[in-house]
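Now for the letters of each chain:
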Amino acid sequence: MKHVAFTIAAASLLAVPASAQPKNHIGEMLASIFMANGCVLSEQKAVAEMKKRGFGISDFQAQLLALHRGGYVKKNENGALQLIKWGQNC
């Protein structure tokens, strides 16, 4: 019985709210670019912003893929990329 209670308590500590900002996520730089631009960017604008910071297209692709797989980026109704479920504002 103690083991079950401990397991439930531990699981509740590991639960992450939907709006939490992940720590050490591979897409953190790209996510910060989205947040600085109202959480919505065209792909071209996102790539340009990454290049300004010294990142290449392969860096953009890897970060975007990681954000997408984590459920943090989607295409909105206008076809732009939108950061979701990340931090307090997006």
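Now for a description of the structure that goes with this document. None of these values were measured; they are calculated from a predicted model.

1. Regarding the overall build of the protein chain
Counting secondary structure elements, the protein chain contains 4 helices and 3 strands. Shown N-terminal to C-terminal, the secondary structure of the protein chain runs as helices and strands in the order α-α-β-α-α-β-β. Buried residues in the protein chain amount to 31% of all 90 residues. When contacts within the protein chain are restricted to residue pairs at least 6 apart in sequence, those whose partners lie at least 24 apart make up 54%.

2. Overview of the sheet that holds strand E3 (residues 81-83)
If you walk across this open sheet you meet the 3 strands as E1-E3-E2, and the pairing is antiparallel. Taken across any chain shown, the strands that pair with only one partner, and hence form the sheet edges, are strand E1 (40-41) and strand E2 (73-75). Bridge count for E1 against E3 is 2 bridges, and the pairing is antiparallel. What sits directly across from Leu 41, in E3, is Leu 81.

What counts, and at which threshold
Residues numbered from 1 in each chain as written. Predicted model: local features only at pLDDT ≥ 70, side-chain atom pairs only at ≥ 80, totals over all residues. Heavy atoms only, no water. Helix = DSSP H or I, 4+ residues; strand = E, 2+ residues; numbered from the N terminus. Buried < 20%, exposed > 50% of the residue type's maximum accessible area, 1.4 Å probe, protein only. Contact = heavy atoms within 4.5 Å. Pairing = 2+ DSSP bridges.

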